[in-house]
Amino acid sequence: MFIKNAWYVAATSAECVDQPIARTLLNEKVVIFRLSDGLPVALEDRCCHRLAPLSLGDIEQGGIRCRYHGMKFDATGACIEIPGQDVIPPGMCVRQFPLVERHGFLWIWMGDADLANPDEIVDVHWNNAPGWPTANGYIYYRANYQLIADNLLDFSHLTFVHRTTLGNSEFPNARPEITTFERGIKLNRVIRNCQPSPLHAMAGKFTGPVDFWNRQVWWLPSVFENWAGSVPAGSNDEPHERPGGLHLRHFSLLTPETEQSTHYFWVQPCQFPHDDLGLIEQVGEGMSTAFAEDRWMIEAQQKVMNSDPYVKPKAVRSDAALGRVRAMIERLLRQEQQSAEAQLVSLAKQDA
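Residues numbered from 1 in each chain as written. Predicted model: local features only at pLDDT ≥ 70, side-chain atom pairs only at ≥ 80, totals over all residues. Heavy atoms only, no water.

**Looking at the pairing of strand E4 (residues 40-44)**
Right, so step 1: Of all 5 residues in E4, 5 are buried; the element is thus mostly enclosed.
Right, so step 2: Where strand E3 (residues 28-34) folds back onto E4 in an antiparallel hairpin, the turn is made up of 5 residues, including Gly38, whose phi is positive at roughly 95°.
Right, so step 3: Note: E4 against strand E9 (residues 96-97), 2 bridges, orientation antiparallel. Each bridged residue has a counterpart across the sheet, and for Ala42 the counterpart in E9 is Phe97. (Buried < 20%, exposed > 50% of the residue type's maximum accessible area, 1.4 Å probe, protein only. Helix = DSSP H or I, 4+ residues; strand = E, 2+ residues; numbered from the N terminus. Pairing = 2+ DSSP bridges.)

This is how it looks when you write it as C-alpha cells:
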C-alpha cells in the first residue's frame, strides 16, 4: 500500500518533450505528455474503449489520440472525438491526475484530486539556480521505496558502504538531533575537527581537518532533503555560517513504482568555496558512484527479505530516525484507509 494523497515526482521537465511517457506510479499506469502550448498532462494510460495504452498514441492539438481506434482525449481525460461517431457517450473518459511543473520536475498527485494543494510541493528551487551548479540523475531500483528511505535516514552506513566517496569514520558515533514536525522529521548533525570525506575534500579542495554539518529533512512520504557541507576547522561557531564552506543542497525524490520497484530522482546543487565550478562534473560522478554502492546493497537486501518474508529486522540505536518515519507512514496509511472506508459507507447510504 502507498500513501496516495501526496505529491510525487512523475518525471523531469527535460524528459517530457514531444513524445508520451509511459510510467507506472504507485502501481498505476500513467501517460505523461505536453500539449502544444507546453502544458504537461497526466492521464490514466488506458483508453476507455478497448483498453489500449494511450502512451502508444499521438499527441495532437488539444490532446492525445489512441493509436488503436482513434479516440481523442483532452487534458481533462474527456473523450472529444470518436472517428465515425458524432455522439460521444458521457462515460467515455479516462482519469486525469493533477500535475504541476516546478523546479525542473513534474509533480503528480495520485489520490483525491480535491485535496491536491500545490503549496505542499517540496521547495527544490536550488536545482540549477544561479550560483548553484547542479549534478543530477535517475536510478531505477528493484526494491521497495521504504528500504531506500531507511538507507537515507541512517548515515551510519556511510563509513562502510561509501569508503571512497561519502565515508567519514566519525559517522557511526555522531548521533543526530531528531525532531518531528507535521510533515516529517528533521535531523541535525555537526562533526568538528574531522577528516573530510573523499567527495568533500575534492569538491571543497580541503587539505586539512574540517568542521562538517549535516541538516536533513524527510518530507512525508518520500522526499529527502540534505543540506550538508564542510568548512576548514578552527572555530566554535556554527560551521554552516562560516565563510569558505562547501555547501551541498541534495534532494532524493522517491516515487514508488510497485511494491518491489522505485523511481529514484536526485539533484545535487553545489556552492563551492572557490571558482572552479567545473568540479560539478566530478561531484556528479562521485554521487553516481555512491548511489550505485547503495543500490547494490539495498537490492541485495530486498532479495534476502523476499526469500523469507517472515524474518523481520531487529532495530539498533541508529535506526531511530527511520523508525519514526515508518511509524508516521503507517499512521497516514491508516488514516487514508479509514477515510476511504467512510466514503464507501456514505455512498452506500446514498444509494440505499
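**Thoughts on the pairing of strand E17 (residues 246-258)**
A regular strand places its side chains on the two faces of the sheet in alternate fashion.
Right, so step 1: Across the 13 residues of E17, 12 count as buried, placing the element largely inside the fold.
Right, so step 2: Where E17 and strand E18 (residues 261-271) come together, 9 bridges link them in antiparallel fashion. In the strand pairing of E18, Leu253 is matched with Phe265.
Right, so step 3: Two successive antiparallel strands, E17 and E18, enclose a turn made up of 2 residues.

**Quick word on the sheet that holds strand E11 (residues 105-109)**
In a beta sheet, neighbouring strands pair by backbone hydrogen bonds and run either parallel or antiparallel.
Right, so step 1: Taken in spatial order, the 3 strands of this open sheet run E1-E11-E10, and their pairing is antiparallel. Single-partner strands in this sheet number two, and they are strand E1 (7-12) and strand E10 (99-102). Within the sheet, the average angular offset between the axes of one strand and its neighbour, ignoring direction, is 35°.
Right, so step 2: Pairing geometry for E10 and E11, over 4 bridges, is antiparallel. Bridged to Val100 within E11 is Trp107. (Axes fitted to C-alpha atoms, helices over the stretch in contact; angles between N-to-C directions.)

**Topic: the packing of aromatic side chains**
Right, so step 1: With the rule as written, the count across this model stands at 12 aromatic pairs.
Right, so step 2: Where Phe105 meets Trp107, the ring centres are 6.3 Å apart and the plane angle is 75°; that geometry is what we call edge-to-face. Of the two residues examined, Phe105 and Trp107, each falls in the buried class.
Right, so step 3: A centroid spacing of 6.0 Å and a plane angle of 40° characterise the contact between Trp218 and Phe224, whose relative ring orientation is tilted.
Right, so step 4: Among the residues examined, Phe224 registers a relative accessible area of 1% and is labelled buried.
Right, so step 5: Of the aromatic side chains, those joined through ring pairs into one cluster are Phe105, Trp107, Tyr138 and Phe265. (Phe/Tyr/Trp six-rings, centres within 6.5 Å; stacked < 30°, edge-to-face > 60°.)

**Focus on the sheet that holds strand E2 (residues 21-25)**
Right, so step 1: Across the sheet, which stays open at both edges, the 4 strands sit in the order E2-E3-E4-E9 with antiparallel pairing between neighbours. Of all the strands in the sheet, just E2 and E9 have a single pairing partner and so form its edges.

**Concerning helix H4 (residues 280-307)**
Given 3.6 residues to a turn, an α-helix orients residues that are three or four positions apart in the same direction.
Right, so step 1: Between its first and last C-alpha, H4 extends 40 Å over 28 residues, near the 40 Å set by a 1.5 Å rise per residue.
Right, so step 2: Within the span of H4, buried status applies to Ile280, Val283, Gly284, Gly286, Met287, Ala290, Phe291, Glu293, Asp294, Ile298, Glu299 and Gln302. (Expected span 1.5 Å × (residues − 1).)

**Comments concerning the pattern of salt bridges**
Right, so step 1: Under the criterion given, the structure shown has 16 salt bridges.
Right, so step 2: A salt bridge links Glu15 to Arg23, with the nearest nitrogen and oxygen atoms 3.1 Å apart.
Right, so step 3: Note on Arg23: relative accessible area 14%, which makes it buried.
Right, so step 4: Between Glu238 and Arg215 there is a salt bridge; the shortest N-O distance is 3.7 Å. Remark: Arg215 occurs in strand E15 (residues 210-219) and Glu238 occurs in the loop between strand E16 (223-232) and E17; sequence separation between them is 23 residues.
Right, so step 5: Connected through salt bridges with shared partners, the residues Glu60, Arg65, Lys72 and Glu81 form a single ionic network. (Salt bridge = Lys/Arg side-chain N within 4 Å of Asp/Glu carboxyl O.)

**Some points on helix H1 (residues 145-153)**
Right, so step 1: Among the 9 residues in H1, 9 count as buried, and that is most of the element.
Right, so step 2: For H1, the set of buried residues is Tyr145, Gln146, Leu147, Ile148, Ala149, Asp150, Asn151, Leu152 and Leu153.

**Notes on the packing of H1 against H4**
Right, so step 1: Put simply, H1 and H4 touch, their axes get as near as 10 Å, and they point 130° apart. Judged by the inter-axis angle, H1 sits oblique to H4. Between H1 and H4 lies a crossing of right-handed hand. Contacts between H1 and H4 pair Leu147, Ile148 and Asn151 from the former with Asp294, Ile298, Gln301, Gln302 and Met305 from the latter.
Right, so step 2: Residue composition of the contact of H1 with H4, grouped by class: 4 nonpolar, 3 polar and 1 charged. (Parallel < 35°, antiparallel > 145°, perpendicular 65-115°, else oblique. Left-handed = near helix turned anticlockwise from the far one by under 90°. Contact = heavy atoms within 4.5 Å. Nonpolar A, V, L, I, M, F, W, Y, C, P; charged D, E, K, R; others polar.)

**Regarding the nonpolar core**
Right, so step 1: In this structure, Ile32, Ile108, Trp218 and Tyr264 are the most contacted members of the largest nonpolar core, which totals 60 residues.
Right, so step 2: Setting aside anything within four residues of it in sequence, one finds Tyr264 in contact with Gly137, Tyr138, Ile139, Tyr141, Ile148, Leu152, Ser252, Leu253, Leu254 and Phe291.
Right, so step 3: In terms of nonpolar packing, the next biggest core, distinct from the first, is built from 19 residues, Trp107, Ile121, Trp219 and Phe265 among them. (Core = buried A, V, L, I, M, F, W, Y, C linked by side-chain atoms within 4.5 Å.)

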